[in-house]
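Letter by letter, the chains look like this.
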Amino acid sequence: MRTTAILLLALTACATSTPRSGTLYHGGTVFAGPEQTPRNDYAIYVEGGVIREVGPAGELRSKYGSARTVDATNATILPGLTDAHGHLYGLGVALDTVSLVGTTSYDEVIARTKARAGGSGWILGRGWDQNDWPVKEFPTAAALDAAIGNQPVFLERVDGHAGLANTAAMRAAGITAATQDPAGGKIVRDANGNPTGVFIDTAMALVERNIPPVTYEQTKARVLAAANRIAELGLTEMHDAGAGEDTIRAVKELIDEKRFPIRVYLMLNGSDAAQLERWFAQGPLVDYGGRLTVRSVKLYADGALGSRGAALLAPYADDPGNSGLMITKTEELERIARRALAAGFQVNTHAIGDAGNRNSIDAYERAGVTPDKRFRIEHLQVIALDDIPRLARNGIIASMQPTHATSDMYWAEQRVGPERVRGAYAWRKILDAGGRLALGSDFPVEEVNPFFGLYAAVTRQDQKGWPEGGWLPGERLTLAEAVRGFTADAAYAAFEEKSRGTIEVGKLADFTIVEGDLTKMPAAELWKAKVVRTVVGGE
């Protein structure tokens, strides 16, 4: 009690100005104003969750001396970072199942999975990538069967576009040599036509539909765990790339319970026709509880490059005769785009190969999309050079993930060859052509940490500094451009540029505070940046 009284007396003695109910954030460096100009010894006054004043720290201390102060004098205050493409529930699942991220061999995958074995329920996991193994070929069920014979196992590839099932899982799903490949999918088979255990794109559903469903309470717990993890790493908002109704319900309930720590801009699952019909009939949901907006639709044009499911205009350089998988035809993309326009929804299409990207742009143009509608292409990993100017002309936002480039650079040119690779992960070409980049990670495919993305964008190197000078270094971004992709342009991609994305008077008090002066940190160290505090609406 005596200590508390002394502290109160000290605070009263310091209160030389009019009492204030807000908070003064005193930064060493603040990325201030519409241009996000780094300002030394700046401060931000926040009241009611909104930025009320930004200016030199000395002036604001004199004016708001009685306000609560957050001392960030040895830190950098950034506009709240946003991940423009992630999977909220997917991250929750990853936190709750076997993580195979970073495995360097099939033996390691099996060892991690075997550690979860026991009982009779399904074992689920995600994160393997055969391109990181000594033998860069798809695994087969045989070795997994030897380790876990009776318990069904299904392990998703890191990109979520392929999965490995053991024989027990295939038996439970009724899959045999006679099972046909579904449209937009492929069952990998041996020389005798028997399934090897790998299922690509829509073929994954043949196994997944037999996995017992989780309860709603499990879903809600996973959503909350994912949101807390996102906030821990400095993100104030994420764009959820395709969510089901249980995820939407869970987010709304957590907001009502005042337990949801971030903002979410949510894309409906375009593969769920019933969900689309309901939402197209009722219209968008904007700013529910200040934390949730539902006004976009996620579609899939093609598959993924790592599993050779991305749709290409010509066959894969390392797999002649295979041009990938077109999951949704141009006509169907156009049809849904027209419906979305009429209902007031944005469309964000997953397109990775140059054919997938061209078909998406064609569909948008035919649907009559105009720049003010801000339609997006998610990933946009390989694009024909002639198609790049069409992005800016139609106002199509390139929603890209820098760490995809540094994960794929070891083998990407093998997939597409030396000519097409010029249009791969082409951030600089898109900006120079007048396009706009909204940056993210695609977690849990990649790590959630946004500073891994900033580092990849600036260096185009892995965290060991390879290759020297960066991979295709002409496509690198400046730190300012990379930060803008995770802030102002991500906000623009969600129609939120008037309320978020920069540190300006009248905008929401969303900040990411990191240790030290980010502008003076060597580029090679960016991925090591440490988050001191994540602030959402002043909280």
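Everything numeric in this text was worked out from a predicted model, so none of it was measured.

Asker: Before we go on, may I ask you to explain the pattern of salt bridges in this structure?
Answerer: Should the charged atoms of two oppositely charged side chains come close, the side chains can pair. Scanning all chains against the criterion turns up 38 salt bridges. One salt bridge connects Arg 390 with Asp 362, and the closest N-O pair in it is separated by 2.6 Å. Here the residue Arg 390 occupies a position in helix α13 (residues 388-394), and Asp 362 occupies one in helix α12 (residues 354-367), the gap between them amounting to 28 residues. Across this residue pair, the class does not change: Arg 390 and Asp 362 are buried. Where salt bridges share partners, they join Lys 220, Arg 249, Glu 253, Glu 257 and Arg 259 into one cluster.

Asker: What is the right way to look at helix α9 (residues 245-256) in this model?
Answerer: Residue pairs spaced three or four apart in an α-helix point in one direction, given the helix's 3.6 residues per turn. A rise of 1.5 Å per residue sets the reference length of α9, with its 12 residues, at 16 Å; its end C-alpha atoms lie 16 Å apart and thus fit the reference within 8%. All buried positions along α9 are accounted for by Thr 247, Ile 248, Ala 250, Val 251, Leu 254 and Ile 255. Seen along its axis, α9 keeps its buried residues to an arc of 165°; they face one direction.

Asker: Please explain the packing of helix α10 (residues 273-282) against helix α11 (residues 330-343) as it appears in this structure.
Answerer: Angle between the axes and distance between the axes: these two values describe a pair of packed helices. At their nearest, the axes of α10 and α11 sit 9 Å apart, and the two run at 30° to each other. Considering the angle they form, α10 stands roughly parallel to α11. In this structure, α10 meets α11 at a crossing whose hand is left-handed. Contacts between α10 and α11 involve Leu 276, Glu 277 and Phe 280 from the former and Ile 336, Arg 339, Ala 340 and Ala 343 from the latter. Residue composition of the contact of α10 with α11, by class: five nonpolar, no polar and two charged.

Asker: How should α11 be read in this particular structure?
Answerer: Compared with an ideal rise of 1.5 Å per residue, which puts 14 residues at 20 Å, α11 spans 20 Å between its outermost C-alpha atoms and is within 8% of the ideal. Turning to α11, its buried residues are Thr 330, Leu 333, Glu 334, Ile 336, Ala 337, Ala 340 and Ala 343. Turning to α11, the residues buried within the fold contact α10, β15 (292-300), β16 (346-351) and α12. A positive phi of about 85° marks Gly 344, the residue just after α11.

Asker: Please explain the environment of Arg 308 as it appears in this structure.
Answerer: Examined against the element boundaries, Arg 308 turns out to sit in the loop between β15 and α11. Here Arg 308 falls in the partly exposed class, since its relative accessible area comes to 22%. In sequence terms Arg 308 and Gly 324 are 16 residues apart; their C-alpha atoms lie 5.7 Å from each other. Setting aside residues up to four positions removed in sequence, Arg 308 forms contacts with Tyr 316, Asp 318, Asp 319, Asn 322, Gly 324 and Arg 415. Of the polar contacts made by the side chain of Arg 308, one reaches the side chain of Asp 318; its length is 3.1 Å.

Asker: Would you mind going over the confidence of the model for the chain with me for this structure?
Answerer: Low pLDDT means the predicted atomic positions in that stretch should not be read closely. Here the chain averages 94 in pLDDT, while 96% of its residues score no lower than 70. Across residues 1-17 the pLDDT falls below 50, and counting only partners more than four positions away or on other chains, this stretch makes seven contacts in the model.

Asker: Could you clarify how one ought to interpret the environment of Phe 280 in this entry?
Answerer: Looking at where Phe 280 falls in the secondary structure, it is placed in helix α10. Sequence spacing of Phe 280 and Leu 341 is 61 residues, and the spatial spacing of their C-alpha atoms is 9.7 Å. In this structure Phe 280 touches Val 297, Arg 339, Ala 340, Ala 343 and Phe 345, once residues within four positions along its chain are discounted.

Asker: Please explain the sheet that holds strand β2 (residues 37-47) as it appears in this structure.
Answerer: Strand order in the open sheet formed by six strands is β3-β2-β1-β4-β20-β21, and the pairing between neighbours is mixed. Since the sheet does not close on itself, it has two edges, and those belong to β3 (50-56) and β21 (531-535), each with one partner. Taking each pair of neighbouring strands and ignoring which way they run, the sheet shows an average axis angle of 35°. Across four bridges, the pairing between strand β20 (residues 511-515) and β21 is antiparallel. The partner of Phe 511 across the bridge, within β21, is Val 535.

Asker: What exactly am I supposed to notice about the packing of helix α8 (residues 216-232) against α9 here?
Answerer: One can describe the packing of α8 onto α9 by two numbers: an axis separation of 9 Å at closest approach and a directional angle of 65°. By crossing handedness, the relation of α8 to α9 is classed as right-handed. Along the contact surface, α8 presents Tyr 216, Thr 219, Lys 220, Val 223 and Leu 224, while α9 presents Asp 246, Thr 247, Arg 249, Ala 250, Val 251, Glu 253 and Leu 254. By residue class, the composition of the contact of α8 with α9 is six nonpolar, two polar and four charged.

Asker: Even after reading the chapter, I still don't get the packing of aromatic side chains, so can you show me in this structure?
Answerer: In this description, an aromatic ring pair is defined by two values, namely the gap between the centres and the angle between the planes. Under the criterion given, the structure shown has 10 aromatic pairs. Ring centres 5.6 Å apart and planes at 15° place the aromatic pair Tyr 106 and Trp 133 in the stacked group. One end of the pair, Tyr 106, is in helix α4 (residues 106-114); the other, Trp 133, is in the loop between β7 (123-128) and α5 (141-147), and 27 residues separate them in sequence. Classification of Trp 133 as buried rests on a relative accessible area of 4%. Ring centres 6.1 Å apart and planes at 65° place the aromatic pair Phe 452 and Trp 527 in the edge-to-face group. Taken as a pair, Phe 452 in helix α17 (residues 450-459) and Trp 527 in the loop between β20 and β21 lie far apart in primary sequence, 75 residues in all. Within the aromatic cluster, the residues linked to one another by ring pairs are Tyr 106, Trp 128, Trp 133 and Phe 138. Of note, Arg 249 hangs over the ring of Tyr 216, and the distance from its end group to the ring centre comes to 3.6 Å.

Asker: Could you clarify how one ought to interpret the side chain of Gln 275 in this entry?
Answerer: Positionally, Gln 275 belongs in helix α10. There is a polar contact of 2.9 Å between the side chain of Gln 275 and the side chain of Glu 245. Excluding its chain neighbours within four sequence positions, the residues that come into contact with Gln 275 are Ala 243, Gly 244, Glu 245, Ile 248, Leu 268 and Asn 269.

Asker: Teacher, can you tell me more about the sheet that holds strand β6 (residues 98-99) here?
Answerer: Two pairing modes exist for strands in a sheet, parallel and antiparallel, and in both the strands are linked by backbone hydrogen bonds. With mixed pairing, six strands are arranged side by side in an open sheet as β6-β7-β8-β9-β11-β10. The outermost strands of the open sheet, each flanked by one partner alone, are β6 and β10 (185-189).

Asker: Can you walk me through the pairing of strand β1 (residues 23-32) in this structure?
Answerer: Regular strands have side chains that alternate between both faces of the sheet. With 10 of 10 residues buried, β1 lies mostly within the body of the structure. Inspection of the sheet shows β1 paired to β2 by nine bridges, in the antiparallel sense. For Leu 24, the partnering residue across the bridge sits in β2 and is Tyr 45. In this antiparallel pair of consecutive strands, β1 and β2, the connection spans four residues, and Gly 33 shows a positive phi of 80°.

Definitions and limits used
Residues numbered from 1 in each chain as written. Predicted model: local features only at pLDDT ≥ 70, side-chain atom pairs only at ≥ 80, totals over all residues. Heavy atoms only, no water. Salt bridge = Lys/Arg side-chain N within 4 Å of Asp/Glu carboxyl O. Helix = DSSP H or I, 4+ residues; strand = E, 2+ residues; numbered from the N terminus. Buried < 20%, exposed > 50% of the residue type's maximum accessible area, 1.4 Å probe, protein only. Expected span 1.5 Å × (residues − 1). Arc of directions from axis to C-beta. Axes fitted to C-alpha atoms, helices over the stretch in contact; angles between N-to-C directions. Parallel < 35°, antiparallel > 145°, perpendicular 65-115°, else oblique. Left-handed = near helix turned anticlockwise from the far one by under 90°. Contact = heavy atoms within 4.5 Å. Nonpolar A, V, L, I, M, F, W, Y, C, P; charged D, E, K, R; others polar. Polar contact = N/O pair within 3.5 Å; in protein donor to acceptor, adjacent residues only side chain to side chain. pLDDT = per-residue confidence, 0-100. Pairing = 2+ DSSP bridges. Phe/Tyr/Trp six-rings, centres within 6.5 Å; stacked < 30°, edge-to-face > 60°. Lys NZ or Arg CZ within 6 Å of the ring centre and 35° of its normal.

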